[in-house]
Amino acid sequence: MTSISSGSPAGLDPRIGRLERHIQDLMEELHQARYEQRRDTLSDALTGVGNRLALINAYNDAQAATAQGAAPPALLLLNLDGFKALKNSAGHAAADQILVTVAMRIRSAVRDNDVVTRLGGDEFAVLLPATPQSRATAVGNRILAALEPNIDLGNNSVRCGASMGLRIAEAHHSAEDLLQEADLAMEESKNEGRNKLKVFDPGTLHARQLQRQIVGELRDAIRSEQLVLYYQPIVELATGRIEGSEALVRWNHPVHGLIMPDQFIPVAEATGLIAELGRWVLRTAVRQLREWRQNPATAGHDFSMRINVSAADLQSLEFVDDVSEALAEESLAPESLVLELTESAIIHNNELDRYTLASLQRLGVGLEIDDFGAGYSSMGYLRKLPVDRVKVDRQFVKELGKDSTQLGFLAAIQQVIRSCGLDGVWEGIETAEQAEALRSIGCTSGQGYYFGKPLPEAEFTAQLARQDAWPA
Ligand code: C2E
Ligand code: MG
Ligand code: MG
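A quick note: this is a predicted structure, and the numbers were derived from the prediction, not measured.

With that settled, consider the coordination of the magnesium ion (ligand 3). Note on the magnesium ion (ligand 3): its protein donors are Asp370 (OD), Asp371 (OD), Glu427 (OE) and Glu427 (OE). The metal-donor distances range over 2.0 to 2.5 Å. Along the chain, the residues donating to the magnesium ion (ligand 3) fall in the pattern D-D-x55-E. Between the magnesium ion (ligand 3) and the magnesium ion (ligand 2) the interatomic distance amounts to 4.0 Å, and Asp370 serves as a bridging ligand to the pair. Taking the relative accessible area as the measure of exposure, Asp371 reaches 26% and is therefore partly exposed.

Right, here's the structure in full:
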């Protein structure tokens, strides 16, 4: 065995020096490899900015600094507007080029110690350590401005704006909480027309949570008889005679009490529960009408039942069958049912809508446009649609008396309705003066608190039985 401690003039074997250098090199290589590995695990391969893990690390560091007295960090979350469409039209390579440019522009709009990351797809997040809301907003707007110029793709150039959400971290936030709340703000900004920055609003979070809770509970509510129908009269203006009753759904919630339709119909529509809800309303209202016709105290009133139908119903192939079955089960003639459709429900005017409307018309039920004038209001389509009635939105009656020209305006609307061969119903009549003004311009039917508020079944039955109480 060779001894390495002998032979060298300085008393040191040269092999030791070589070995030491070798070890040194190996250590450096290892260090570099570790550094590169760490950089790779923390960076986004395409754009070179940080990735989700880098964001979480930076957030944890910033929160640790906050615990030591620093100001909390701010998170800007942004999503490119229309990126999917751009990717489909320009191709994958161009899409990558856009992402790289966007990352570079964001990087150049912020300070060195701000952490720019891509979370995947076209979603970027920027963590600004110890940054108050006013400064974070300014940085956010600077980023949006930096994204404004067209991006050059060689043979063409594209514009790629972004929608941005801002959330200042709070002590209890995990990185995931912070991202979720910034995401909510970003969605709001998308909804409000893009290329905007929105600051997180706790009210939105609350509304979202309530909506989520409502979705879960609504399904059970339909089955466990928590829904109720209220009925509101539609009267003949000249005589006060009830010519119809509109069924308006309410949710009798075991904890929150009576919830109005505006709070759950949109949720039901968005989740597809509207079909089941609509079937329940149809059957319940039709059964009620048959009961009123059979009840000796109310049988003298020959009026129709009006129900509100949603856009989804017109898109359902079973809807026409549901209506005809419900009527047949209660032995009611189709004319005794009027379906109220909002302008937005029929505005799609697609094949299925037209088919459903034509089938309903053949069946013989009444069709009415509800809230006429509230939305798109094209007088032109009044003539094209297979409807026989129009209910004018209550905003028009509300304006009565405020302006001397309003009555003339209502008279013109009434004239258009009549000249299209349709019947007009005026909703939102709250005073005797309004009723009288409408009568004076030839309106024949009305609905509103003046004639009666929506009432639960028993109370409406009692009012029917004392029809004399209706003002003439
Ligand atoms: P809509 O069909 O236009 O119903 C009229 C709304 O105006 C009702 O509100 C009614 O209570 C209210 N109203 C009636 N007279 C007056 C008045 O004189 N002044 C004022 N300020 N308001 C009056 P409600 O019951 O909250 O219903 C809101 C909307 O929810 C309805 O508007 C309808 O679009 C929808 N909706 C109600 N029930 C159903 C349903 O069973 N199915 C569907 N798809 N939608 C429904
Ligand atoms: Mg209605
Ligand atoms: Mg209406």
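Right, let's get into the coordination of the magnesium ion (ligand 2). The magnesium ion (ligand 2) binds to the protein through Glu246 (OE), Asn308 (OD1), Glu340 (OE) and Asp370 (OD); the donor distances cover 2.0 to 2.2 Å. Exposure remark for Asn308: the relative accessible area of 34% places this residue in the partly exposed category.

Looking now at the domain arrangement of the chain. Per the domain assignment, the segments of the chain are domain 1 (52-200) and domain 2 (210-466). Computed over C-alpha atoms only, the centres of domain 1 and domain 2 are separated by 46 Å.

What follows concerns the environment of Val116. Tracing the sequence through the fold places Val116 in strand 2 (residues 115-120). Its relative accessible area of 3% is what places Val116 among the buried residues. Considering only alpha carbons, one finds Val116 and Pro132, 16 residues apart in sequence, at a separation of 18 Å. Excluding residues that lie within four positions of it along the chain, Val116 makes contacts with Val49, Gly50, Ile106, Arg107, Val110, Ala125 and Val126.

Direction vectors running N to C along helix 11 (residues 319-329) and helix 13 (residues 351-363) enclose 20°, while the axes themselves pass 9 Å from each other. Judged by the inter-axis angle, helix 11 sits roughly parallel to helix 13. The interaxial crossing formed by helix 11 with helix 13 has right-handed handedness. Of the residues in helix 13, those in contact with Phe319, Val320, Val323 and Ser324 of helix 11 are Thr356, Ser359, Leu360 and Leu363. Grouping the amino acids of the contact of helix 11 with helix 13 by side-chain chemistry returns five nonpolar, three polar and no charged.

Once that is clear, we can look at the packing of helix 4 (residues 92-109) against helix 5 (residues 133-147). At a minimum axis separation of 9 Å, helix 4 and helix 5 run at an interaxial angle of 140°. Comparing their axes, helix 5 and helix 4 come out oblique. Along this stretch, helix 4 crosses helix 5, giving a crossing that reads as right-handed. Where helix 4 approaches helix 5, its residues Val102, Arg105, Ile106 and Ala109 are matched on the opposing element by Arg142, Ile143, Ala146 and Leu147.

The tally for this structure, following the rule as stated, stands at seven aromatic pairs. Pairing Trp292 with Phe303 gives two aromatic rings, centres 5.9 Å apart and planes at 55°, and the pair type is tilted. One end of the pair, Trp292, is in helix 9 (residues 274-294); the other, Phe303, is in the loop between helix 9 and strand 11 (304-309), with eleven residues separating them in the sequence. Like Trp292, the residue Phe303 is buried in the burial classification. Taken together, a centroid distance of 5.0 Å and an interplanar angle of 65° make the contact between Tyr450 and Phe451 edge-to-face.

Okay, the state of the cysteines next. Within the structure shown, the criterion is met by zero disulfides. As a non-bridged cysteine, Cys420 has Cys443 as the owner of its nearest cysteine sulfur, 15 Å distant. Relative accessible area serves as the criterion here: at 4%, Cys443 is assigned to the buried category.

Looking now at the pattern of salt bridges. By the definition in use, this model includes 21 salt bridges. Where Asp44 meets Arg118, a salt bridge forms, and the shortest distance between an N and an O atom there is 2.8 Å. Of the two residues, Asp44 sits in the loop between helix 1 (14-42) and helix 2 (52-67) while Arg118 sits in strand 2, which places them 74 residues apart along the sequence. We note a salt bridge from Arg279 to Asp322, for which the minimum N-O separation is 3.7 Å. Of this pair, Arg279 sits in helix 9 while Asp322 sits in helix 11; the two residues are 43 residues apart in sequence, bridging distant segments of the chain. Assessed through its relative accessible area of 34%, Arg279 is described here as partly exposed. Here the salt bridges do not stand alone but share partners, grouping Glu246, Arg306, Glu340, Glu368 and Lys391 into one network.

On to the site of ligand 1. As a structural note, the neighbourhood of ligand 1 is formed by 23 residues, with Arg250, Asn308, Asp370, Arg394 and Glu430 the closest of them. Measuring from a nitrogen atom of ligand 1, one finds a backbone N or O atom of Val249 at 3.2 Å. At 2.5 Å, a side-chain N or O of Glu430 approaches a nitrogen atom of ligand 1. If ligand 1 stood free it would expose 800 Å²; the protein chains cover 87% of that surface. Listing elements by their share of the shell around ligand 1, those giving two or more residues are strand 9 (242-253), helix 8 (261-271) and strand 13 (366-372). Residue contributions to the shell around ligand 1 peak at four residues, all from strand 9. Among the residues making up the shell around ligand 1, the classes are represented as nine nonpolar, five polar and nine charged.

Quick notes on the rules
- Residues numbered from 1 in each chain as written.
- Chains lettered and ligands numbered in written order.
- Predicted model: local features only at pLDDT ≥ 70, side-chain atom pairs only at ≥ 80, totals over all residues.
- Heavy atoms only, no water.
- Donors = N, O, S within 2.8 Å, 3.2 Å for Na, K, Ca; no water.
- Buried < 20%, exposed > 50% of the residue type's maximum accessible area, 1.4 Å probe, protein only.
- Domains from an automatic or database assignment.
- Helix = DSSP H or I, 4+ residues; strand = E, 2+ residues; numbered from the N terminus.
- Contact = heavy atoms within 4.5 Å.
- Axes fitted to C-alpha atoms, helices over the stretch in contact; angles between N-to-C directions.
- Parallel < 35°, antiparallel > 145°, perpendicular 65-115°, else oblique.
- Left-handed = near helix turned anticlockwise from the far one by under 90°.
- Nonpolar A, V, L, I, M, F, W, Y, C, P; charged D, E, K, R; others polar.
- Phe/Tyr/Trp six-rings, centres within 6.5 Å; stacked < 30°, edge-to-face > 60°.
- Disulfide = S-S within 2.5 Å.
- Salt bridge = Lys/Arg side-chain N within 4 Å of Asp/Glu carboxyl O.
- Near = heavy atom within 4 Å.
- Polar contact = N/O pair within 3.5 Å; in protein donor to acceptor, adjacent residues only side chain to side chain.
- Areas by Shrake-Rupley, 256 points an atom, 1.4 Å probe, with all protein chains shown as cover.

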